[in-house]
Amino acid sequence: MTSPDQTTLLEMQRRMLRIRRFDERASKMVKRGQIPGTVHTSIGQEAQVVGAAMTLDDGDYMTGNHRSHGHPIAKGSPLAPLMAELVGKAGGVCGGKGGSLHLADFKVGSLGESGIVGSSIPIATGAALSSKVLGNGKVSMAFFGDGAANQGCLYEAMNLAGVWDLPVVFLCENNQYALSTPAHTVTSGVIAERAAGFGIAGERVEDGQDVLAVHAAAQAAVERARSGGGPTLLEVVTYRYNEHSEGLRLGTDYRNAEEKETWVGRDPIAQFRRHLAQEGVATEEELDALEQEVLDEVEQAFEFSQESPYPEPEVAFADLYTEPIGA
Amino acid sequence: MATTTMSFLGAIGAAQREAMEADERVVIIGEDVEANVYGTTGGGKSRKDKGDFLELFGANRIRNTPISEEVIVGAAAGAAMTGLRPIVDLSYSSFLYMAMDQFVNQVAKNRYMFGGQASLPVVFRSAMFYGLSTGAHHSDRPYPMFMNVPGLKIMVPSTPADAKGLLRTAVDMDDPVLTFEACMLWGLKGEVEEDEYRIPFGQAAIAREGTDVTVVAIATAVPEALKAAETLAEDGVSVEVIDPRTLVPLDSRTILESVAKTGRLVVADPAHRTCSAAAEIAAIVVEEAFDSLKAPIARVTTPDTQIPFSPAIEKPLYPNRESIGEAIRRVTGERGASVPESPQGIDDELSTQAHR
Ligand SMILES: Cc1ncc(C[n+]2csc(CCOP(=O)(O)OP(=O)(O)O)c2C)c(N)n1
Ligand SMILES: [Mg+2]
C-alpha cells in the first residue's frame, strides 16, 4: 500500500476544510432562516469522512445518510449546487427536490444520501453487485452511523456481500451517539467485531480524527474490495461537535461539556494542518492561502444559492418516471 | 401471425428468457431461482432439461439469494441505478412487506428526490397465491398499497399473452415495475404470438365488447367476469369486460369511454375493499363520468377480512362469476334471471357481497 503523495495530502486538507466551512455556513443559514427544513452537520467528523471517501476513485460509488453534506463534498462534488440544493433552488444538485437530507451527485458517483436511517446500505450493496456482474472494477462505499448499525438491513447486506464477495465497504461513522442515545446503551458488543460473524473483514479505527489513520484503513478495505477480496466493515470512532441537527435544543444534557472540549482539542483539521507544516508538505503561508481559497469557494457557493431561482411549480411533477404517465 | 399455446407461467418464463437473451445487463435474482422452483427460470425440473436458465446464462446472471427481502430489493435498486437491469423474483406477493422501506423510500423515490439523476430499470415479480388454501400469510393481493406510492409502475396481467408482452415491456422500461401474478392463473392456457412482441403499459384490453354495462376486472376477476358475461348474454344483458392490465399507469380513458357508452359500471377486484384498485377506478368514474351513470357503481371485491385457511370459507371471498353476475344484475336492474353456477358450488350466503 502506498502512502498518499503531497498533492493528495493537501487535497485531504482542502476537502476537510470545505466540509467544515460549508457546514458552518449552512448552520448560520439555518439560524438566519435561509435554509428551510433540517440540516445535520459533519463538523468534527471531517477526517473520518474525507479519509474514507478519498480512497475511492472518481468512478467509484458511494451512498450516505442524513449527515449528508460531507459525503459528496469529500467525493469531489462542487459546492455551489450542493448549497443551492440546501436552499431549495433550481440550481441545486437535485433541482431542489432533494434538500439537505437527500443530496446526490451522480457525476462523482454519489448515489444518494438517505433520510431513512440505514436505508441506503442495500443500495450501495447493489451498486457493488453491478460492478461484480459487469466486471468493471468499481468499488462502492456505504456511509452510515452507529445508530444505523442496529438496523437489520445492514446484516442482510453484510451477509449478501460476504457470500457474493461484493466490492463494498460498509463504513460506520461511530460518533458515539444516535441523536440523544449513547451508542453503548443500545449496542451489544463492538460494531466492527460483528464482521466476524459474516466471515468478512472488520476493523475499528480508534482515532477517527486522524485523517491518515482513517485513510490507511479505508484504503486497505477498498483495495481488498477491488481485488476480489470481498467486503469490509470499517468502524471509525469520531465525534460531532454540533447538536444532532441545527436548531435542535434537547431538554436534557445527554453529552457533557468536558467531553466535547476534549474532542475539540483533538480537532482533525487543526491537527492535520500542524502535521502538514511539520512534515514540510506546505508552508504556513500556503496553508493560510488554502483556508482562504476554501472560504472564497463557500462564499461563491452561497452567492450562487441566493441567485439561483426557485424551481417552477411543474417541477414538483417531474422525474417521477422517465416519461410522464399522465395525471 | 403464427401463434403457439402457452400457459400463463410458461409465458412469463418465455419473456424472461427472451429478455435475458436480448440484453446482457438483464440478471435474475431471487430465492430458489437456480433450481427453477417457481417454474419461470428453466425448462423443467432438471438442470439437464432444455432451457435451464443456469445452464443458459450462468451463475453470474442467475443468482440465488439468501432469504433477505430487504437487501434483495435494495440491492436490485442499487444495481439498476448503476447499469444492470435486474428481474427480481420475490416469489410470494406477501413477502414484499419485508422490503417495504426499500420499495417506498428507495425504489420509488430515488429518481424523483435526486432530480432525475437516477434511472431504475428493475422489475419486481411476485405471485399472489390467493384461493389456494395458503392461509393469511401467503394469500395477499397487495397491489393497491403500491398504487398509493408514486414512482412505481404496476402490472397485473390476466392472460398468457398479456403476461409475456407486458413483462418484455417492463424489462425494457427505465422505471421500476412491480408485477403481480395471480397463481390461480398459472395453468391458464392461451394463444401467444411466436415472434417477440411487447404490450405497452397504460393500454387496457377490452376482453369482451358489450353495450349495457362495463365490468372492469383485475387478475382472476377477468376470467370470472367473462364467464358471468356469457351467462348474462343468454338473458339479453350485453356486458363489456375491460382488463386494465396495468394499474399504474391506468388507462382511465378506455374505462371512461366504455362507461360513457354503457352508463353502468361494476369493478371486480380481488384486493381488499377499502382503498382497493376498485375504489380508485370507481372514484375516477364518478369524478369524470358522473353524468353518464344510470345506476350506482358496484364494487365486487374481497371483503375487509383476513384470508382464512379453510377452502370452504376462503374461496367465496374473492370476486367470482356469481358475485360479479349479481352485481351486474343490480346495476342493470335485471332481477330474477338465472344465476350462473358457482365454480365451487358454495352457498350464496358466503359470497363477496355478503360481508361488507
Ligand atoms: C428509520 C429511521 N428511524 C429513525 C429516524 C430518526 N433519526 C434520524 S437521525 C437519527 C439518529 C441516527 O444516528 P446515527 O446513525 O448514529 O447517525 P448520526 O446522526 O449520529 O450521524 C434518528 C433516530 C430516521 N430518520 N429513520
Ligand atoms: Mg451516531
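Because the structure is a prediction, the values reported are computed rather than measured. (Residues numbered from 1 in each chain as written. Chains lettered and ligands numbered in written order. Predicted model: local features only at pLDDT ≥ 70, side-chain atom pairs only at ≥ 80, totals over all residues. Heavy atoms only, no water.)

### Focus on the overall build of chain B
- What chain B contains, in helices and strands, is 12 helices and 14 strands.
- Against the globule reference of 21 Å for 356 residues, chain B gives a C-alpha radius of gyration of 20 Å, in line with a compact fold.
- Its C-alpha atoms give chain B principal-axis dimensions of about 60 × 45 × 45 Å.
- By the burial criterion, 60% of the 356 residues in chain B qualify as buried.
- Across chain B, every contact between residues at least 6 apart in sequence was considered, and the portion connecting residues at least 24 apart equals 80%. (Helix = DSSP H or I, 4+ residues; strand = E, 2+ residues; numbered from the N terminus. Rg over C-alpha atoms; globule rule 2.2 N^0.38 Å. Buried < 20%, exposed > 50% of the residue type's maximum accessible area, 1.4 Å probe, protein only. Contact = heavy atoms within 4.5 Å.)

### Focus: the layout of surface pockets
Residue and element names in this part refer to chain B.
- Volume-wise, the largest pocket comes out at about 1,200 Å³.
- Taken together, 41 residues form the lining of the largest pocket, with Met147, Asn148, Leu247, Val248 and Glu280 sitting closest to its centre.
- Where the lining of the largest pocket is concerned, the elements lending two or more residues are helix H6 (143–147), strand E12 (246–248), strand E13 (265–272) and helix H10 (277–289).
- The element that contributes the greatest number of residues to the lining of the largest pocket is H10, accounting for seven residues.
- Looking at the lining of the largest pocket, its residues break down into 26 nonpolar, eight polar and seven charged. (1 Å grid on protein atoms, 1.4 Å probe; cavity = no way out; pocket = protein on both sides within 12 Å on 5 of 7 lines; lining within 4 Å. Points joined across faces, edges and corners; volume = space filled by probe spheres on them. Nonpolar A, V, L, I, M, F, W, Y, C, P; charged D, E, K, R; others polar.)

### Points about the coordination of the magnesium ion (ligand 2)
All names here are of chain A.
- Protein-derived ligands of the magnesium ion (ligand 2) are Asp146 (OD), Asn175 (OD1) and Tyr177 (O), with the metal-ligand distances lying across 2.1 Å.
- All donors of the magnesium ion (ligand 2) belong to a single chain; written as a sequence motif, their spacing is D-x28-N-x1-Y. Within this pair, whereas aspartate 146 is found in the loop between strand E2 (140–145) and helix H6 (152–164), its partner tyrosine 177 is found in strand E4 (residues 177–178), the two being separated by 31 residues in sequence.
- A residue is classified by how much of its surface remains accessible, and aspartate 146, at 2% relative accessible area, is buried. (Donors = N, O, S within 2.8 Å, 3.2 Å for Na, K, Ca; no water.)

### Some words on the UniProt feature "domain: Transketolase-like pyrimidine-binding" (unreviewed entry) in chain B
- With numbering aligned to this structure, UniProt lists the feature "domain: Transketolase-like pyrimidine-binding" (unreviewed entry) at residues 6–188 of chain B.
- Along residues 6–188 of chain B one finds 34% helix and 18% strand; the C-alpha atoms at either end are 8 Å apart. (UniProt positions renumbered as here; feature names shortened; annotations may be inferred.)

### Digging into the confidence of the model for chain A
- For chain A, the mean per-residue pLDDT works out to 97, and 99% of the residues sit at or above 70.
- Looking across chain A, the model is least confident in helix H9 (residues 257–265) of chain A, with a mean pLDDT of 94, and most confident in strand E3 (residues 168–174) of chain A, with 99. (pLDDT = per-residue confidence, 0-100.)

### Some points on empty space enclosed by the protein
Residue and element names in this part refer to chain B.
- Summed over all chains, the structure comprises one cavity of 30 Å³ or more.
- Estimated volume of the largest cavity: approximately 40 Å³.
- Taken together, Tyr38, Asp89, Ser91, Arg125, Ser126, Ala127, Glu181 and Trp186 make up the lining of the largest cavity.
- Mapped by element, the contributors of at least two residues to the lining of the largest cavity are strand E4 (85–92) and strand E5 (123–128).
- Of the residues assigned to the lining of the largest cavity, the class counts are three nonpolar, two polar and three charged.

### Concerning the site of ligand 1
Residues and elements named next belong to chain A.
- Taken together, 15 residues lie around ligand 1, and His66, Arg67, Gly115, Gly147 and Tyr177 are the ones closest in.
- A distance of 2.7 Å is found between an oxygen atom of ligand 1 and a side-chain nitrogen or oxygen belonging to histidine 66.
- Within the contact set of ligand 1, an oxygen atom lies 2.8 Å away from a backbone nitrogen or oxygen of glycine 147.
- When ligand 1 sits alone it has 580 Å² of accessible area, and the protein chains cover 72% of it. (Near = heavy atom within 4 Å. Polar contact = N/O pair within 3.5 Å; in protein donor to acceptor, adjacent residues only side chain to side chain. Areas by Shrake-Rupley, 256 points an atom, 1.4 Å probe, with all protein chains shown as cover.)

### Focus on the interface of chain A and chain B
- With 42 residues of chain A at the interface, the matching set in chain B holds 42 residues.
- In total, about 3,500 Å² of surface goes out of reach between chain A and chain B, with carbon and sulfur atoms giving 63% of it.
- Our count for the chain A to chain B interface comes out at zero salt bridges.
- At the surface where chain A touches chain B, the tally comes to 19 residue pairs in polar contact (both at pLDDT 80 or more).
- Mapped onto the side of chain A that touches chain B, the elements with two or more residues apiece are helix H5 (121–134) and H6 of chain A.
- Top element by residues in the side of chain A that touches chain B is H5 of chain A. It accounts for 10 residues.
- By residue class, the composition of the side of chain A that touches chain B is 24 nonpolar, 11 polar and seven charged. (Buried area = accessible area lost by both parts, 1.4 Å probe. Salt bridge = Lys/Arg side-chain N within 4 Å of Asp/Glu carboxyl O.)

### Thoughts on the sheet that holds strand E14 (residues 298–302) of chain B
Residues and elements named next belong to chain B.
- Ordered in space as E9-E11-E10-E13-E14, the five strands form an open sheet in which the pairing is mixed. Pairing within the sheet leaves two strands with one partner each, and these edge strands are strand E9 (205–208) and E14. When strand polarity is set aside, the average angle formed by the axes of neighbouring strands in this sheet is 25 degrees.
- Judged from the four bridges that link them, strand E10 (residues 213–217) and strand E11 (residues 239–243) form a sheet pairing that is parallel. From the neighbouring strand, valine 213 faces E11, where its bridge partner is valine 239.
- Those strands touched by H10 are E10, E13 and E14, and its axis lies near 150 degrees from that of E13. (Pairing = 2+ DSSP bridges. Axes fitted to C-alpha atoms, helices over the stretch in contact; angles between N-to-C directions.)

### Details of helix H4 (residues 79–87) of chain A
Residues and elements named next belong to chain A.
- Of all nine residues making up H4, seven are buried, and the element is well covered by its neighbours.
- Buried residues of H4: Leu79, Leu82, Met83, Ala84, Glu85, Leu86 and Val87, and no others.
- Contacts from the buried residues of H4 go to helix H1 (6–31), helix H3 (70–74) and helix H11 (284–307).
- Within two residues after H4, glycine 88 carries a phi angle of roughly 90 degrees, on the positive side.

### A short note on the confidence of the model for chain B
Residue and element names in this part refer to chain B.
- Taken residue by residue, chain B gives an average pLDDT of 93. The fraction at 70 or more is 94%.
- Under a pLDDT of 50 for its full length, residues 343–356 has, in the predicted model, 32 contacts with residues more than four places off or in other chains.
- Here the predicted complex carries an ipTM of 0.97, next to a pTM of 0.95.

### Observations concerning the nonpolar core
- Among the nonpolar cores identified, the biggest contains 121 residues, and Phe170 of chain A together with Phe103, Phe124 and Tyr143 of chain B are the most heavily contacted of them.
- Both of domain 1 (3–193) and domain 2 (205–355) of chain B provide at least three residues apiece to this core.
- Discounting chain neighbours no more than four positions away, the residues touching phenylalanine 124 of chain B are Val73, Ala76, Val88, Leu90, Phe103, Val107, Val177, Leu178 and Thr179 of chain B.
- Val93, Met141, Ala225 and Val298 of chain A belong to the second-largest nonpolar core, a separate cluster that totals 58 residues. (Core = buried A, V, L, I, M, F, W, Y, C linked by side-chain atoms within 4.5 Å. Domains from an automatic or database assignment.)

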